[in-house]
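Read off the chains here:
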Amino acid sequence: MDLSMPDLASLTWSGVGDWLVGTPLLIMTVIAVGLVARFLLHRLINRVVATATSRRAERIASLPRAGRALQAVGVANVRHVQRTQTMGALLKSITTFVVGGITALTVLSLVGIPLGPMLASASVGGVALAFGAQSLVKDFLSGVFMIVEDQYGVGDVIDTGEVVGTVENVSLRVTQLRDADGMTWYVRNGEIIRIGNKTQGWSTAIVDIAIAYDQDTEKAIKVIRDVVGVMDDDEAYKDILLEEPNVVGVESMANGALTIRVIAKTVANEQFGIQREMRERIKTALDRAGVRSPLPVMPPYGGPPHK
């Protein structure tokens, strides 16, 4: 359809009306539809982000003794909200680009510009780019799914199969880790086959207490239960312990020692401090109760020579 204005010599109101109702009106309609589609898609993305955030809050609220732990897990929840919102912003940018591209191509078609050569060139370039950047696309898609599924985040201790460390940065292409020796590792998202997250949701503190074989086991267990009960009521730890530590009983008997195990569920990544505090308190309480620890076992060989 011709977009040129009618000849001025033969200009009539009818001719102007026909011209306005033609291609220009179609172009305006296409642009309006594109804007509406972009608005609706952004609204849908906002709703998905809000739903994901609320589900995270519901999962935290379902944890045992969640009311005590909400303050402690607040930082992790805020981090998740920020990551989800970042993913929402990325999806908004992608939808804007796609809708804008489709709208622009439709307008070009209405104007009369041939799209065949343009699309053919774009297809050839896309195929060449796809072959040359397969690993980049794989890393990008893996990063998107890792963020959407909340597999891990900054501050989590994860096992990628190649390295175990604390996550310091997560991007759509690589994950930055720092291991126990202080070395920084950059792991491509597309190369991660499995993920073990040691600090997601909650962690487990395990403490093994060894006492001498001839000591009163029931007395030792009672002393330990009193200690962990007092610790559970301590203001300094009630926001870290998700439930009262459980003294499960004798774990093993070997080398003249009985090992009593204590298990505690804690806020994510807080188990190490709880383990150290429980060992210190239990050791002090057992000393006061007169419960002896096992004597050191002397090696059969390699000792000092007899005089």
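Per chain, residue numbering runs from 1 following the sequence as it is written. Totals for whole chains, interfaces and linings use every residue, but because this is a predicted model, local features are given only for residues with pLDDT of at least 70 and side-chain atom pairs only at 80 or more, for both listing and counting. Values reported for side chains reflect all heavy atoms of the structure, with hydrogen atoms and water molecules removed beforehand.

Where an unreviewed UniProt entry is consulted, the chain appears under the name Mechanosensitive ion channel family protein, with the organism given as Terrabacter terrigena. UniProt positions are given in the numbering used here, feature names are shortened, and annotations may be inferred rather than shown by experiment. Under the UniProt heading Sequence similarities (unreviewed entry), the note attached to the chain is "Belongs to the MscS (TC 1.A.23) family." According to its UniProt record, the chain has this under Subcellular location (unreviewed entry): "Cell membrane".

**So, the overall build of the chain**
A tally of regular secondary structure across the chain gives eight helices and eight strands. Exposure classes here rest on a 1.4 Å probe applied to the protein chains alone. A residue is buried below 20% of its type maximum, exposed above 50%, and partly exposed in between. Across the 307 residues that make up the chain, the buried fraction comes to 31%. Sequence separation of 24 or more characterises 64% of the internal contacts of the chain that already satisfy a separation of 6 or more. Accessible surface is estimated by sampling points in the Shrake-Rupley manner with a 1.4 Å probe; for residues, cover comes only from the protein chains shown. Of the roughly 19300 Å² of accessible surface on the chain, 62% is carried by carbon and sulfur atoms. A helix here means a DSSP run of H or I that spans at least four residues, while a strand means a run of E at least two residues long, and both kinds are numbered starting from the N terminus. By definition in these notes, contact holds between two residues if any of their heavy atoms fall within 4.5 Å.

**With respect to the pairing of strand β3 (residues 174-178)**
Of all five residues in β3, four are buried, a share of seventy percent or more. At least two DSSP bridges between two strands are required for those strands to pair. Pairing analysis gives four bridges linking strand β2 (residues 164-170) to β3, with the strands arranged antiparallel. Across the sheet, N169 pairs through a bridge with Q176, a residue of β3. What sits between β2 and β3 in their antiparallel hairpin is a turn of three residues. Bridging between β3 and strand β4 (residues 184-188) involves five bridges; their strand directions are antiparallel. Residue L177 lies in a different strand from β4, and its bridge partner there is W185. Connecting β3 to the antiparallel partner β4 that follows it, the hairpin turn spans five residues, and G182 within it adopts a positive phi of roughly 90°.

**A word on the nonpolar core**
I224, V262, I274, M278, I282 and L286 are the most contacted members of the largest nonpolar core, which has 25 residues in total. Mapped by element, the contributors of at least two residues to this core are β6 (202-212), α7 (217-233), β8 (257-267) and α8 (271-289). At seven residues, α7 tops the list of elements feeding residues into this core. What V262 contacts, discounting residues up to four positions off in sequence, is A205, I206, V207, I224, V228, P245, N246, V247, M278 and I282. Throughout this description, the term nonpolar core refers to a set of buried Ala, Val, Leu, Ile, Met, Phe, Trp, Tyr and Cys residues connected via side-chain atoms within 4.5 Å.

**What about the pattern of salt bridges?**
When a carboxyl oxygen of Asp or Glu lies within 4 Å of a side-chain nitrogen of Lys or Arg, that pair is called a salt bridge. One pass over the full model with this rule turns up 10 salt bridges. Among the ionic pairs, D226 bridges to K222, the shortest N-O distance being 3.3 Å. Linking D226 with K222, this pair stays in helix α7, spanning four residues, or about one helical turn. Note that R261 and E251 form a salt bridge whose closest N and O atoms lie 3.7 Å from each other.

**Quick word on the sheet that holds β6**
In spatial order, the strands read β6-β8-β7; together these three strands make up an open sheet with antiparallel pairing. Strands with a single pairing partner mark the edges of an open sheet, and in this sheet they are β6 and β7 (246-254). Sheet twist, expressed as the average angle between the axes of neighbouring strands with direction ignored, equals 25°. The axes are straight lines fitted to the C-alpha atoms, using for helices just the contacting stretch, and the angles between their N-to-C directions are given from 0 to 180°. Contacting β6 and β8, α8 runs over the sheet at an angle of about 25° to β6.

**Side note on the side chain of Q176**
Relative to the helices and strands, Q176 resides in strand β3. The buried category is assigned to Q176, whose relative accessible area is 17%. If sequence neighbours within four positions are ignored, Q176 has contacts with T166, V167, E168, N169, T184, W185 and Y186.

**Points about the environment of V227**
Residue placement: V227 occurs in helix α7. Between the alpha carbons of V227 and A285 there is a distance of 7.3 Å; along the sequence they are 58 residues apart. Apart from residues no more than four positions distant in its own chain, V227 is found in contact with R281, I282 and A285.

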